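# Architecture at a glance
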Amino acid sequence: MTIAVAALGSATGHVDQLADVRLAHVSKRFGRRTALSDVGFEVGRGTVHGLLGPNGAGKTTLLRLLLGLSAPDQGDLQVLGRRPYGNPAQALAGVAGFVEAPAFYPYLSAQRNLDFLAGLDGSGSSVAVDEALHQVGLAERARDKVAGFSTGMKQRLGLAAALLRDPQLLILDEPTNGLDPEGMRELQALIASLAAQGRTVLLSSHDMTEIEHACSDVTILAAGSVRFTGSLAQLRAQAAEPSHALSCADNVLAAELASSMQLPAALEREELLVRASIERLDELVLALAHRGIAVRQLVRRDTALEELFLRLTSAGST
Amino acid sequence: MTSLVDPPGPVPPPRPTAADSRLRSVGVRYVLVWELEKLLAQWRTRTAALLCLLGPAAFVIAVKLTGTVPADTLFGRWINDSGIATPLVVLGFAAAWGFPALIAVVAGDLFSAEDHYDTWKTILTRSQGRWSFFAGKVVAAFSYVIAIVVLLAASSIAAGLLLLGNRPLIGLSGNVIPIGSAIGRAALSWLSVLPSCLAFAAIAVLLSVLSRSSLTAIGSTVALGLTLQFAGLVDGINPVIRLLPGSGLLAWHGLFAQPAFTEPLWTGVAVAAAWVFGCLGLAWHSFSRRDIAGSSR
């Protein structure tokens, strides 16, 4: 199944002049394995764009290309109007981020690691380092060796290292990995504040809910190719109604009533599964009450986007 | 899938500015200083330095305490007769067995350590090109090699002169070499092995870049050094031996003959230079084109 939504004017061949990331026909192979195949999409300036896909979809390979760590076999890509491969040091001005788990020298402190990276950027300002550590909540652990850091703390340090460059474009690979719920909320708030400053954020995830919370646009990758690219609103328009599980005083009568209202319904064990929008579900609940059928429990089974994501990324979808 | 966007127009990379050039030259120096700082913080570097500093004195004390001399080594039988024999015995031993290991333990680790810690992706996405890292790390490796050779030379000359005296040295042709001249020739001998040591460092760097494994790079360099040492014992392959990276390690012998001859020294320098440029050229070729594809690939 191909759902190629007209994103960023692509249907008309128009290229958004304010796109901070552009890819066209990008392919990358590792030996016999195709990691990316004819990938193309754009990330608009000032947007938070999610790169969504299951493990092995090619997200990290794509981010490596954008950060100039490897070159595409075919196609073209640009970040902030420049090709990152060939001369990444020059082309990556204004770009920062990390791929996979952020990596640092474990035998050095967080502060010393950032000092070194700041020096590589030509600044070496200890104030900037302190500020970045404070921004990600690591100020109190600044002098601790990275070897003792948890995965979540390394994620935070990775973000601090990226913020040191004061980037226009921030590229983050599964940044909430290893973070506790509070850390995830803080990170999402930080990303929102960066976007509010006009920065562009491209973040990858395999979690639809995370993308829904943080992003305005999304590109879905599966098996190395783009299955969808566009805004979340456009994606929602493609989605089926969400699924709900009802437990009623009489599930059989409730199922008959739902069917009479043209709502897809199915009995499963002790539950009645109904696929409906919130408005239609309200109508069903009121109708059940009108017929004297008590609703004892009502639970949303999956979100429409989750269901669509699974459908788009399932093996048979091409 | 159909293309979603038109191919971007060809946007050339931004033209280098004066600030870019300044950042690049600062980059090599910055990486060099950083690598040296890291080296000084590592136990292996400190151990190597301590070994070079105290090893010769320990050797002399052992000779004095046991009353035996290493008679099967060059100048070994005269070790008690002249203090300046000590640095030559130490040099002979280091050339045969010590240098490849001392060099490889650092030069074979500088590049592959970044693979071990997966830090290439961290440092190569900053404002420095790959050349800054390559040049900075190579210069750091060479600085380390020069430092340990100078340290070992100075400590062995000092240990010999202070503990065994400053009598004249008997040369390889039975000629008597006054102490002043012997010290100069000993210093020159140590200087003469530097190009070969740098060649071993270049080999270790190449193996470190290619294998991405410190263990492989260090082990292979040491194994190569041992193989070359044993190859020197095989008759009839002298023309080949002269083209190997360790050929200059024994070229100093001619300085203690009567008359002195220096042709092997210059041959050794030329051969070592070829190995240095060849290995570093290959290493840069590989490093500059490498996909930083992560540990999973």
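Predicted model, so just to flag it, every value in this text is computed and none were measured.

### Details of the packing of aromatic side chains
- Within the structure shown, the criterion is met by 21 aromatic pairs over all chains.
- Ring geometry for F116 of chain A versus W34 of chain B: centroids 3.9 Å apart, planes at 10°, classification stacked. Of this pair, F116 of chain A sits in helix α3 (residues 110-120) while W34 of chain B is found in helix α1 (residues 18-41), placing the two residues in two different chains. W34 of chain B shares its class with F116 of chain A; the two are buried.
- With a centroid separation of 5.6 Å and an interplanar angle of 55°, the aromatic rings of F111 of chain B and F134 of chain B are classed as tilted. Residue F111 of chain B is found in the loop between α3 (85-107) and α4 (112-117), and its partner F134 of chain B is found in helix α6 (residues 130-164); the two are separated by 23 residues along the sequence.

### Quick notes on a nonpolar patch on the surface
Residue and element names in this part refer to chain B.
- Side chains of F93, W97, L226, F230 and L233 sit close together on the surface and give an oily, nonpolar patch of about 550 Å² of accessible area.
- If you list the elements that add at least two residues to the nonpolar patch, you get α3 and α8 (214-231).
- When you line up the elements, W97 lands in helix α3.

### Overview of the nonpolar core
- If you look at the biggest cluster of nonpolar residues, it comprises 154 residues, and the most contacted ones within it are L114 and L235 of chain A together with F99 of chain B.
- Tallying contributions element by element places helix α7 (residues 179-211) of chain B first for this core, with 16 residues.
- Not counting residues up to four positions away in its chain, the partners in contact with L235 of chain A are M208, V218, I220, F228, L305, L308 and L312 of chain A.
- Listed in part, the 15 residues of the second largest apolar core include L246, A255, L281 and L284 of chain A.

### Here we look at the packing of α3 of chain A against helix α4 (residues 126-135) of chain A
All names here are of chain A.
- Axis separation between α3 and α4 bottoms out at 10 Å; the angle between their running directions is 125°. Judged on the interaxial angle alone, α4 and α3 are oblique. Crossing geometry of α3 relative to α4 is assigned as right-handed. Here A110, Q111, L114, D115 and A118 of α3 lie close against α4, whose contacting residues are V129, D130 and L133.
- A per-class count over the contact of α3 with α4 returns five nonpolar, one polar and two charged.

### Observations regarding the layout of surface pockets
All names here are of chain B.
- Taken as a whole, the largest pocket spans an internal volume of roughly 850 Å³.
- Residue lining of the largest pocket: 34 residues in total, with G246, S247, L249, L250 and H253 positioned closest to the centre.
- Counting residues per element, the ones that place at least two in the lining of the largest pocket are α3, α8, α9 (238-241) and α10 (263-289).
- Among the elements that take part in the lining of the largest pocket, α3 stands out by supplying eight residues, more than any other.
- Taken together, the residues of the lining of the largest pocket sort by class into 19 nonpolar, twelve polar and three charged.

### A closer look at unusual backbone geometry
- Following Q258 of chain B, the chain continues to P259 of chain B via a peptide bond in cis, the omega torsion being 0°.
- With respect to the helices and strands, P259 of chain B occurs in the loop between α9 and α10.
- Despite not being glycine, L80 of chain A shows a phi value in the positive range, around 50°.
- Mapped onto the secondary structure, L80 of chain A falls in the loop between β4 (74-79) and α2 (88-91).
- L80 of chain A gets classed as buried once you look at its relative accessible area, which sits at 18%.
- Residues other than glycine seldom take positive phi values, yet F75 of chain B does so here, at roughly 70°.
- One can find F75 of chain B in the loop between α2 (43-66) and α3.
- Note on F75 of chain B: relative accessible area 2%, which makes it buried.

### As for the packing of α2 of chain B against α6 of chain B
Residues and elements named next belong to chain B.
- Between α2 and α6, whose axes approach to 9 Å, the crossing angle comes to 20°. Our classification of the angle between α2 and α6 gives roughly parallel. For α2 against α6, the interelement crossing comes out right-handed. Residue-level inspection shows T45, A48, A49, C52, L53, P56, A57, V60, I61 and K64 of α2 in contact with α6, the latter providing Y144, I148, L151, L152, S155, S156, A159, L163 and L164.

### Let's talk about the sheet that holds strand β9 (residues 225-231) of chain A
Residues and elements named next belong to chain A.
- If you walk across this open sheet you meet the six strands as β5-β6-β7-β3-β8-β9, and the pairing is mixed. Strands with a single pairing partner mark the edges of an open sheet, and in this sheet they are β5 (95-98) and β9. Strand-to-strand twist across the sheet, computed as the mean angle between neighbouring axes with direction ignored, equals 15°.
- Note: β5 against strand β6 (residues 169-173), four bridges, orientation parallel. Opposite G97, over in β6, you have I171 as the bridge partner.

### Details of helix α10 (residues 278-290) of chain A
Residues and elements named next belong to chain A.
- Between its first and last C-alpha atoms α10 spans 18 Å; for 13 residues at 1.5 Å apiece the expected length is 18 Å, and the two agree.
- Along α10, the residues that are buried comprise L281, L284 and L288. Buried residues along α10 cover an arc of 55° about the axis, so they all sit on one side. In α10, those exposed residues whose orientation departs by more than 90 degrees from the buried face are E279, L286, A289 and H290.
- G292 sits one or two residues past α10 and shows a positive phi near 80°.

### Here we look at the side chain of S204 of chain A
All names here are of chain A.
- By the secondary structure assignment, S204 is in strand β7 (residues 200-205).
- With a relative accessible area of 0%, S204 lands in the buried category.
- Among the polar contacts made by the side chain of S204, one reaches the main-chain amide nitrogen of E174 at a distance of 3.0 Å.
- Look past the residues within four positions of S204 in its chain and what remains in contact with it is L51, K59, L63, L172, D173, E174 and P175.

Reading the values: rules and limits
- Residues numbered from 1 in each chain as written.
- Chains lettered and ligands numbered in written order.
- Predicted model: local features only at pLDDT ≥ 70, side-chain atom pairs only at ≥ 80, totals over all residues.
- Heavy atoms only, no water.
- Phe/Tyr/Trp six-rings, centres within 6.5 Å; stacked < 30°, edge-to-face > 60°.
- Helix = DSSP H or I, 4+ residues; strand = E, 2+ residues; numbered from the N terminus.
- Buried < 20%, exposed > 50% of the residue type's maximum accessible area, 1.4 Å probe, protein only.
- Patch = residues over 30% accessible without salt bridge, like charges linked within 9 Å, V, L, I, M, F, W, Y side chains within 5 Å.
- Areas by Shrake-Rupley, 256 points an atom, 1.4 Å probe, with all protein chains shown as cover.
- Salt bridge = Lys/Arg side-chain N within 4 Å of Asp/Glu carboxyl O.
- Core = buried A, V, L, I, M, F, W, Y, C linked by side-chain atoms within 4.5 Å.
- Contact = heavy atoms within 4.5 Å.
- Axes fitted to C-alpha atoms, helices over the stretch in contact; angles between N-to-C directions.
- Parallel < 35°, antiparallel > 145°, perpendicular 65-115°, else oblique.
- Left-handed = near helix turned anticlockwise from the far one by under 90°.
- Nonpolar A, V, L, I, M, F, W, Y, C, P; charged D, E, K, R; others polar.
- 1 Å grid on protein atoms, 1.4 Å probe; cavity = no way out; pocket = protein on both sides within 12 Å on 5 of 7 lines; lining within 4 Å.
- Points joined across faces, edges and corners; volume = space filled by probe spheres on them.
- Pairing = 2+ DSSP bridges.
- Expected span 1.5 Å × (residues − 1).
- Arc of directions from axis to C-beta.
- Polar contact = N/O pair within 3.5 Å; in protein donor to acceptor, adjacent residues only side chain to side chain.

The quantities given are spatial measurements derived from coordinates; they are silent on function.
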